[in-house]
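A look at the structure
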Protein chains: 2
Amino acid sequence: MSSATSNLSVNGAPTSGAGTSVSGTSPTFSPLYQQIKALILQSLQSGEWKPGELIPSEVELAHRFKVSQGTVRKAIDELASENLVVRRQGKGTFVATHHEARAQFRFLRLMPDAGEPHNADNKILEVKRLRAPAEVARQLDMKSGDSVIFIKRVQSFDGAPTIVEELWLPGMIFKGLTVERLVEYKGPMYGLFESEFGTRMIRASERIRAVSADESTASLLNVAQNTPLLSVERVSYTYGDKPVEVRRGLYLTDRHHYQNDLS
Amino acid sequence: MSSATSNLSVNGAPTSGAGTSVSGTSPTFSPLYQQIKALILQSLQSGEWKPGELIPSEVELAHRFKVSQGTVRKAIDELASENLVVRRQGKGTFVATHHEARAQFRFLRLMPDAGEPHNADNKILEVKRLRAPAEVARQLDMKSGDSVIFIKRVQSFDGAPTIVEELWLPGMIFKGLTVERLVEYKGPMYGLFESEFGTRMIRASERIRAVSADESTASLLNVAQNTPLLSVERVSYTYGDKPVEVRRGLYLTDRHHYQNDLS
DNA sequence: TAGTGGTCTAGACCACGCT
DNA sequence: GCGTGGTCTAGACCACTAG
């Protein structure tokens, strides 16, 4: 036992140190279950429990943290609703991973107009190191000129090239990422990132536009120049809302569509 | 008092009648809080509590339904997470409405590239009754040829026409919807639907593509023909997952983008 | 001060997966 | 049978709003 338990703040005697800085009327106030959530989050982020692994049971966490099971439960409820953790009745709670059918299409919203979504055939065109362009550096919260890894690829469905994509990744984090590793790797790219580079994508934000295919993209997608394409600019974030990927995809939408559900 | 309370099924003596049809191992099983949720949902759908109104407190509902407050609480938690209801600490729980700043942009994901999102200037081009085209009828779950109301409009931001949109609504539900009422009405269109036609939009599903502007659309948007546009096809649903609106928007994305967050 | 939602607890029991 | 998550209860207390 390493210590660091029971530094929790009781209601009415709020945490002294870091965090929150609520802009409300009363000084600060963090419910116990939020503090527990933060502690569990730390264990996830630090890799104490790795993707796919079973985390301690609710009762164990409860008396590790000296709180009731209900409080741990509420903390885990939130983590589950954020897809950081997956509950399985009768078995336990597991750290979420990108190596599962369930998570495969969470970050790919391009669906075939007819038929079930299926996996893309992935063709890597280019992998190289370069200095971050100003715009990319800004989005990755790096200094302009810092080293980034650049990837360009084409994805095909049923033999039809459909997505041309360019990615920029922080060189520091993804050091050692080569075209070989990308080509050899079977499964989702975020699975590779998670397993090989210890970086798990938590959420992403996309900006979508309609653009015209330029000459080079048109030839890659096997369409006429100026064909309308969906431009999808994505920034992905890992723990602590740290941006770790910038991506720009051009989607051919004659037989596919970007699916979005509003609720 | 109209009866119809306490027809709840205890754990282990599951509901006999309708619903669920779970494809699991055990016959059926609906947690109590789900049953409570369904009852509250009925009151919402029937208009017993109208949009914007205060619903009974948790304690009152608890002993109206003969369950603990915690059970009612969990039912309302789900309704709140589905945006059907809004909780306000110290005040109570209110039926959600489209007449509020919060809900304004829930169904409009087109954001300006720079600056805060602001309201569109709305210009109605056309309102008429017609017989539902086959495709629209299918999406609205109607018979082909049934009466629908067709609307065409252009929306502008800062004086720049940006969205050309066509809508189809079931004639039965939206009987009496005229161009005058649409023009006179200030506020979001879904607010009008909710107040004047008793139909509240709960969720929507959008399919997004890139297309070329045809001649007529180009002239409405003040751009060259073949300018790439975002095509957004939406089907909106009210209570019971009943489709009640089909919409096809063409978005000009040179100064705006469709914003989507993946998590 | 009273009423409402929000948190926390402790304990009982149920559904599920495994051994 | 046992351990896990899932449900339900009853009661205490806190935070917020309003009269």
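In this text, all values refer to a predicted model and were calculated from it rather than measured experimentally.

1. Comments concerning the overall build of chain A
Each helix and strand in chain A was counted, giving eight helices and eleven strands. Counting over 263 residues, chain A shows a buried share of 45%. Long-range pairs, those at least 24 residues apart, make up 59% of the contacts in chain A between residues at least 6 apart in sequence. Summed over all atoms, the accessible surface of chain A reaches about 13700 Å², with 50% contributed by carbon and sulfur.

2. Thoughts on the interface of chain B and chain A
Chain B puts 30 residues into the contact, and the matching count from chain A is 30 residues. The tally of links from chain B across to chain A stands at two salt bridges. A salt bridge links Asp113 of chain B to Arg209 of chain A; the shortest N-O distance between them is 2.5 Å. Elements with a minimum of two residues in the side of chain B that touches chain A: strand 8 (203-212), strand 9 (228-238) and strand 11 (256-262) of chain B.

3. Details of the confidence of the model for chain A
All names here are of chain A. Residues of chain A with pLDDT of at least 70 account for 90%, and the chain-wide mean is 90. Long-range and interchain partners of residues 1-7, a stretch whose pLDDT sits below 50, account for one contact in this model, where long-range means more than four residues apart. Counting contacts from residues 11-25, a segment whose pLDDT is below 50, to residues more than four positions away or on other chains yields six contacts.

4. What about the environment of Asp77 of chain B?
Relative to the helices and strands, Asp77 of chain B is located in helix 3 (residues 69-81). Along the primary structure Asp77 of chain B and Phe94 of chain B are separated by 17 residues, whereas in three dimensions their C-alpha atoms are 13 Å apart.

Cut-offs and rules
Residues numbered from 1 in each chain as written. Chains lettered and ligands numbered in written order. Predicted model: local features only at pLDDT ≥ 70, side-chain atom pairs only at ≥ 80, totals over all residues. Heavy atoms only, no water. Helix = DSSP H or I, 4+ residues; strand = E, 2+ residues; numbered from the N terminus. Buried < 20%, exposed > 50% of the residue type's maximum accessible area, 1.4 Å probe, protein only. Contact = heavy atoms within 4.5 Å. Areas by Shrake-Rupley, 256 points an atom, 1.4 Å probe, with all protein chains shown as cover. Salt bridge = Lys/Arg side-chain N within 4 Å of Asp/Glu carboxyl O. pLDDT = per-residue confidence, 0-100.

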